[in-house]
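Here are the chains, one letter per residue:
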Amino acid sequence: MRKLTYFVAVSIDGFIGDPSGDATSYMRFVDDEFLEFLKTEYPETVSAAGRRALGFDDLPNRKFDTVIQGMNSYRLGLDEGIASPYAHLREYVATRSLGTAPDPNVQLIADDLVGKVRELKAEDSPLDIWLCGGAQVAGQLRDEVDELVIKTYPVLLGSGMPMFAGVEPDVSDFALTSSRVFGNGLVVRHYVRRSANG
């Protein structure tokens, strides 16, 4: 069974962006050390355009072959004329507002997001599924998330868009499997969901 991994950037106080979802304040921490980490460990999480600009668009996918994102997340690229931001992955966008996909590599999920994710998880593949965002989609898929890779940036936003939106309070236990601190204060932590039996 493949895993769904929420690979996400957050502030110290747990927001993935300001109240509008804007996370540009995090970009100043994307330095050479962190880029080398992404290139080595998670090259597929860098957009196709970013991979070309940084000179590693030929690197194979290491962790994921599929990405799922919500419309607000997807719109960031679409508004810039980029209809397939992760062309090196199978792309799914959870949306009811788009009637047709603007790119042949992008598939739309209008209904039963959980069912589609369970279908993707059941596929036979050595690589997993990246939940890219945003908050509403993560909220709908909270119980399907098997792993969290949380990139915590050393900033406080005070308020903003949570990691999981629209969910009822419910405790889920995860085990910390690794943690890395970068020179600029950024911390990347990897968690795995604990089974019901511990």
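J.: Looking at this structure, I do not really get helix 4 (residues 113–121). What am I missing?
T.: Every α-helix winds through 3.6 residues per turn, so residues three or four apart in the chain are directed the same way. Looking at helix 4, one finds that the buried residues are Leu-113, Lys-116, Val-117, Leu-120 and Lys-121. Buried residues of helix 4, viewed axially, fall in a sector of 140 degrees; they line one side.

J.: Teacher, can you tell me more about the pattern of salt bridges here?
T.: Note on pairing: side chains with opposite charge can pair once their charged atoms come close. This model, assessed by the stated rule, comprises eleven salt bridges. Residue Asp-111 pairs with Arg-96 through a salt bridge whose shortest N-O separation is 3.5 Å. Remark: Arg-96 occurs in the loop between strand 4 (90–94) and strand 5 (106–109) and Asp-111 occurs in the loop between strand 5 and helix 4; sequence separation between them is 15 residues. The pair Asp-111 / Arg-96 is uniform in exposure class, with both members exposed. Residues Lys-121 and Glu-144 are paired through a salt bridge, measuring 3.3 Å at the closest nitrogen-oxygen approach. Of this pair, Lys-121 sits in helix 4 while Glu-144 is found in the loop between helix 5 (135–140) and strand 7 (147–153), placing the two residues 23 residues apart along the sequence. As far as burial versus exposure is concerned, Lys-121 and Glu-144 are alike and both buried. In the salt-bridge network here, residues are joined through shared partners; they are Arg-2, Asp-65, Arg-90 and Glu-123.

J.: Can you help me understand the nonpolar core in this one?
T.: Grouped burial of nonpolar side chains is what soluble globular proteins tend to show. Within the largest apolar cluster, 25 residues are counted, with the highest numbers of intra-cluster contacts made by Tyr-6, Ile-68, Leu-113, Leu-131, Leu-148 and Met-163. For this core, the elements supplying multiple residues, two or more each, are strand 1 (4–11), strand 4, helix 4, strand 6 (128–133), helix 5 and strand 7. The greatest single-element share of this core, amounting to four residues, is contributed by strand 1. What Leu-113 contacts, discounting residues up to four positions off in sequence, is Ile-68, Ala-94, Val-137, Gln-140 and Leu-141.

J.: Would you mind showing me how to read unusual backbone geometry here?
T.: What is expected of a backbone is that most residues other than glycine have negative phi and most peptide bonds are trans. Of note, the amide linkage connecting Gly-133 to Gly-134 takes the cis form, showing an omega dihedral of 5 degrees. In this fold, Gly-134 is placed in the loop between strand 6 and helix 5. Despite not being glycine, Asp-112 has its phi angle at roughly 50 degrees, a positive value. Inspection of the secondary structure puts Asp-112 in the loop between strand 5 and helix 4. The class for Asp-112 is exposed, based on a relative accessible area of 55%.

The rules we used
- Residues numbered from 1 in each chain as written.
- Predicted model: local features only at pLDDT ≥ 70, side-chain atom pairs only at ≥ 80, totals over all residues.
- Heavy atoms only, no water.
- Buried < 20%, exposed > 50% of the residue type's maximum accessible area, 1.4 Å probe, protein only.
- Helix = DSSP H or I, 4+ residues; strand = E, 2+ residues; numbered from the N terminus.
- Arc of directions from axis to C-beta.
- Salt bridge = Lys/Arg side-chain N within 4 Å of Asp/Glu carboxyl O.
- Core = buried A, V, L, I, M, F, W, Y, C linked by side-chain atoms within 4.5 Å.
- Contact = heavy atoms within 4.5 Å.

As far as function goes, none of this settles anything; it's purely spatial.
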